[in-house]
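Residues per chain, in single letters:
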Amino acid sequence: MNNNRTTERLLDASRDIWEGYLSHPFVRGLADGSLAVNKFRFYLLQDYLYLFDYAKVFAQGVVKSREPEVMRVFASYVASILNGEMEIHRGYMARLGISETQAEAVQPSLSNLSYTAYMRAVAAEEGPAEIMAAVLSCTVSYEYIAKWIVEHYPDADKHDFYSEWVRGYASEGYAAENQRLIALMERLSADYTDAQVAHLVDIFVACSRYEAMFWDMAWNEAM
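A word on the overall build of the protein. Check the secondary structure of the protein and you find eleven helices and zero strands. The secondary structure elements of the protein, listed N-terminal to C-terminal, are α-α-α-α-α-α-α-α-α-α-α. The C-alpha radius of gyration of the protein comes to 17 Å, within 12% of the 17 Å expected for a compact globule of 223 residues. By its C-alpha atoms, the protein is 45 × 35 × 30 Å across when sized along the principal axes. Counting across all 223 residues of the protein, residues that qualify as buried make up 49%. Of the contacts made within the protein by residues no fewer than 6 positions apart, 84% connect residues no fewer than 24 positions apart.

Here it is in structure tokens:
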């Protein structure tokens, strides 16, 4: 029996969307170092705001879970996002002369608001497995993108500005955390019917489409 049967269905359903990430001009700019700093700055601030709502979605996983171990996993990611992943953002903000107070005063773009509202609606209305389907697209696609960059642009992790982003999301530590989330996805959906898994696929594909919109938003600096 395939131990990652649900996750593989999610990934298979979104494959074309994810392939589109790799040809996106923003991602290509990260890869070859040609991305204009102002575009990255716009992305960085929007993603910083996004992560606060992303953490709230994981927090809803704590609320919705009945098993203490599942609660602990969701809770650990709230802390990891707020104190771990945000460190990449804070490092760049320091280099760009942006304080946390200034970052938190930025208005979220319409694409950002729409994406996070969708995830938070799923978290409010549905269960832990559906919450996992909503959060997985973001975290796993960043690993997918960063590892593709490292494979096809061997010097990307040495770039004087964007290397920190590439190394962070291509790291083995980040991949290990994603495997932990995938294992939880499989655990939560182990007894799901085909119809229930199909609903998880719908959520995951919607969030994958929102990820594509986020890259578009960053490239166009669109509010």
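This part takes up the nonpolar core. Counting residues in each nonpolar core, the largest one holds 77 residues, and the members touching the most others are Phe40, Ile149 and Trp165. In terms of residues, this core owes the most to one element, helix α8 (residues 128-152), which gives 14 residues. Other than its neighbours up to four places away in sequence, isoleucine 149 contacts Val27, Leu30, Ala31, Ala156, Trp165 and Val166.

Inspection of the secondary structure puts glutamate 211 in helix α11 (residues 194-220). The buried charged residue glutamate 211 lacks any salt bridge partner; its closest oppositely charged side chain belongs to arginine 209, at an N-O distance of 13 Å. Contacts of glutamate 211, omitting those with residues within four sequence positions, involve Tyr21, Tyr50, Tyr115, Ser137, Cys138, Ser141 and Tyr142.

A complete count under the given rule lists 29 aromatic pairs for this structure. A cation over an aromatic ring shows up here: lysine 39 above the ring of tryptophan 219, its NZ or CZ 4.6 Å from the ring centre.

For the rest of this paragraph, the subject is the environment of phenylalanine 52. Structurally, the position occupied by phenylalanine 52 is in helix α4 (residues 37-64). In contact with phenylalanine 52, other than residues within four places in its own chain, are Leu82, Met86 and Glu104.

What follows covers the state of the cysteines. Joining two cysteines, a disulfide is a covalent bond between their sulfur atoms. The full count for this structure, using the stated rule, is zero disulfides. For cysteine 138, which is in no disulfide, the shortest distance to another cysteine sulfur is to cysteine 207 and amounts to 9.1 Å. The buried category is assigned to cysteine 138, whose relative accessible area is 4%. For cysteine 207, a relative accessible area of 0% translates into the label buried.

Let us look at the pattern of salt bridges. Under the definition given, this model contains twelve salt bridges. Here glutamate 143 and lysine 147 are joined by a salt bridge, their closest N and O atoms 2.9 Å apart. With glutamate 143 and lysine 147 both in helix α8 and four residues apart, the pair spans about one turn of that helix. Taking the relative accessible area as the measure of exposure, lysine 147 reaches 32% and is therefore partly exposed. The partner of glutamate 177 in a salt bridge is arginine 180, with the nearest N and O atoms 3.8 Å apart. Here the residue glutamate 177 and the residue arginine 180 both occupy positions in helix α10 (residues 172-188), the gap between them amounting to three residues, near one helical turn. For glutamate 177, a relative accessible area of 32% translates into the label partly exposed. Via salt bridges that share partners, Asp53, Lys56 and Arg120 belong to a single interconnected network.

What counts as what
Within each chain, residues carry numbers counting from 1 in the order of the written sequence. Two thresholds apply to this predicted model, a pLDDT of at least 70 for residue-level local features and 80 or more for giving and counting side-chain atom pairs, whereas whole-chain, interface and lining totals are computed over all residues. For side-chain calculations, the full set of non-hydrogen atoms in the structure is used, while hydrogens and water are omitted. Helix and strand definitions here come from DSSP, where helices need a minimum of 4 consecutive H or I residues and strands a minimum of 2 consecutive E residues; each element is numbered from the N-terminal end. Computation of the radius of gyration draws on C-alpha atoms, with the globule rule given as 2.2 Å multiplied by the number of residues to the power 0.38. With a 1.4 Å probe rolled over the protein chains alone, any residue whose accessible area is under 20% of its type maximum counts as buried; one over 50% counts as exposed, and the rest are partly exposed. For this analysis, residues touch if any pair of their heavy atoms sits within 4.5 Å. We call a set of buried Ala, Val, Leu, Ile, Met, Phe, Trp, Tyr and Cys residues a nonpolar core when their side-chain atoms join them within 4.5 Å. Think of it this way: Lys and Arg go in the positive column, Asp and Glu in the negative one, and His and the chain ends go nowhere. Definition used for salt bridges: Asp or Glu carboxyl oxygen within 4 Å of a side-chain nitrogen of Lys or Arg. Centres within 6.5 Å make a pair out of two Phe, Tyr or Trp rings, where for Trp the six-membered ring is used; the pair is then stacked when the planes are under 30 degrees apart, edge-to-face when over 60, and tilted otherwise. Cation placement over rings: the criterion is NZ of Lys or CZ of Arg within 6 Å of the ring centroid and within 35° of the ring normal. Cysteine sulfur atoms are paired as a disulfide whenever they come within 2.5 Å of each other.

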